[in-house]
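Summary of structural features
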Amino acid sequence: MERTGSANAYLTGFGNNKRIVFFDTLLDKLNTDEVIAVLAHEIGHFKHKHIQKRIVLLATMTLGGLALLGWLMQQDWFYNGLGINTPSTYIALLLFALVLPVFTFFVQPIIAWISRKYEFEADDFAAEQSNPLMLIQALVKLYRESASSLTQDPLYSACYETHPQAPVRVAYLSRKLSTS
Ligand SMILES: [Zn+2]
């Protein structure tokens, strides 16, 4: 649920190895109802198969990157444009390492956007299965720990943050309060 800071909870593992990890610092800070809400959020990640989806996504992007490399290796302009006259596999790999940041520059915002979508799905689940107000309380406590995420530039946040900003998430959950 929370990426930085000392208080944390997350879902990890596969098959019989699945577990939800709660840091003891988190258990110290939250009351029982808030812990239940955070637990419901993590179970939401599990119910929506977010770990599996993330791995499929990363594997797809890796394959996409390799396909791109395979294609670039056969293009003369790829070498010429970067000042190389005699193409070779190892030069291609070096050049690819150089241009890779351009590729990830465009991919990163997509990954960040999908991650934030997952957080809302997990919040949805938590709001249905537990008290949304308790999740809001827990979020505010946790985000207060890492104060930086409270005042993030919206564009930077849209491109790189894997978690929605705290006020956005609280506003989202608040709407569920009034309808439940
Ligand atoms: Zn989460």
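Residue positions are counted from 1 within each chain, in the order its sequence is given. Where totals are concerned, whole chains, interfaces and linings use all residues; where local detail is concerned, this predicted model gives features only for residues with pLDDT of at least 70, and gives and counts side-chain atom pairs only at 80 or more. Note that water and hydrogens are dropped before the side-chain values are worked out from all heavy atoms of the structure.

Per the secondary structure count, the protein chain includes eight helices and two strands. Along its sequence from the N terminus, the protein chain presents helices and strands in the succession β-β-α-α-α-α-α-α-α-α. Only protein chains enter the accessibility calculation, which uses a 1.4 Å probe; a residue is then buried when its area is under 20% of its type maximum, exposed when over 50%, and partly exposed in between. Burial status across the protein chain gives 34% buried among its 180 residues. Two residues form a contact once any of their heavy atoms are found within 4.5 Å. Here the analysis covers contacts within the protein chain between residues at least 6 apart in sequence; of these, 67% occur between residues at least 24 apart. Secondary structure is summarised from DSSP: a helix means a run of H or I of at least four residues, a strand means a run of E of at least two, and numbering begins at the N terminus for each.

This part is about the packing of aromatic side chains. Whether two aromatic rings pair depends on their centres lying within 6.5 Å, for rings of Phe, Tyr and Trp, where Trp uses its six-membered ring; planes under 30 degrees apart make the pair stacked, over 60 edge-to-face, and the rest tilted. For the coordinates displayed, the defined rule picks out six aromatic pairs. A centroid spacing of 5.3 Å and a plane angle of 90° characterise the contact between F105 and F106, whose relative ring orientation is edge-to-face. Given a relative accessible area of 48%, F105 falls into the partly exposed group.

With that out of the way, let us pick up a positive patch on the surface. Candidate patch residues must exceed 30% relative accessible area and have no salt bridge, after which like charges are joined if within 9 Å and Val, Leu, Ile, Met, Phe, Trp or Tyr side chains if within 5 Å. A 1.4 Å probe and the Shrake-Rupley method give the accessible areas. Residues count as covered only by the protein chains that appear here. Just to be clear on terms, a salt bridge is a Lys or Arg side-chain nitrogen sitting within 4 Å of an Asp or Glu carboxyl oxygen. By the counting rule applied here, Lys and Arg register as positive and Asp and Glu as negative, while His and the ends of each chain are not counted. To locate a charge, the coordinates of NZ of Lys, CZ of Arg, CG of Asp or CD of Glu are taken. Together, K18, K47, K49 and K53 line one region of the surface with positive charge. Here K18 lies in the loop between β1 (9-12) and β2 (19-22). By relative accessible area, K18 is classed as partly exposed at 36%.

Further remarks concern the packing of helix α3 (residues 50-72) against helix α5 (residues 89-129). In this description, a line fitted to the C-alpha atoms serves as the axis of each element, helices being fitted only across the stretch in contact, and the angle between N-to-C directions of two axes falls anywhere from 0 to 180 degrees. At a minimum axis distance of 10 Å, the contact between α3 and α5 shows a crossing angle of 160°. As summarised for this structure, α3 and α5 are arranged roughly antiparallel, according to the angle between their axes. Both α3 and α5 take part in a crossing whose hand is right-handed. The residues of α5 that touch α3, namely those facing H50, K53, R54, L57, L58, M61, G64, G65, L68, L69 and L72, are A92, L93, F96, F103, V107, I110, I111, I114, S115, Y118, E121 and A122. All residues other than Ala, Val, Leu, Ile, Met, Phe, Trp, Tyr, Cys, Pro, Asp, Glu, Lys and Arg, Gly among them, are scored as polar; the first ten of these are nonpolar and the last four charged. In terms of residue class, the contact of α3 with α5 is built from 16 nonpolar, four polar and three charged. These descriptions rest on fixed angle ranges, namely under 35 degrees for roughly parallel, over 145 for roughly antiparallel, 65 to 115 for roughly perpendicular, and the rest for oblique. What makes a crossing left-handed is the near helix being turned counterclockwise from the far one by less than a right angle; a clockwise turn instead makes it right-handed.

What follows deals with the pairing of β2. The criterion for strand pairing is that DSSP finds at least two bridges linking the strands in question. Bridging between β1 and β2 involves four bridges; their strand directions are antiparallel. What sits directly across from L11, in β2, is I20. In this structure, the hairpin formed by β1 and β2 is closed by a connection of six residues, where G13 is found at a positive phi of approximately 90°.

So, about the layout of surface pockets. Estimated volume of the second largest pocket: approximately 160 Å³. Of all the secondary-structure elements, those providing two or more residues to the lining of the second largest pocket are α3 and α5. Ranked by residue count, the leading element in the lining of the second largest pocket is α5, at seven residues. Grouping the amino acids of the lining of the second largest pocket by side-chain chemistry returns seven nonpolar, four polar and no charged. Points on a 1 Å grid, built from protein atoms alone, make a cavity when a 1.4 Å probe fits but cannot get out and make a pocket when they are open with protein on both sides within 12 Å along at least 5 of 7 lines; residues with an atom within 4 Å of a point are the lining residues. Grid points are joined across faces, edges and corners, and a volume is the space filled by probe spheres set on the points.

Expected helix span is computed as 1.5 Å times (number of residues minus one). Taking 1.5 Å per residue as the helical rise, α3 with its 23 residues ought to reach 33 Å, and the 32 Å between its terminal C-alpha atoms agrees with that figure. Those residues of α3 not exposed but buried are H50, I51, L57, G65, L69 and L72. For α3, the elements touching its buried residues are β1, α2 (32-47), α4 (76-81) and α5.

Moving on, we come to the UniProt feature "transmembrane region" (unreviewed entry) in the protein chain. When the UniProt feature table is mapped onto this chain numbering, "transmembrane region" (unreviewed entry) sits at residues 55-73 and 93-114. End C-alpha to end C-alpha, residues 55-73 measures 27 Å, and it is 95% helix and 0% strand. UniProt positions are given in the numbering used here, feature names are shortened, and annotations may be inferred rather than shown by experiment.

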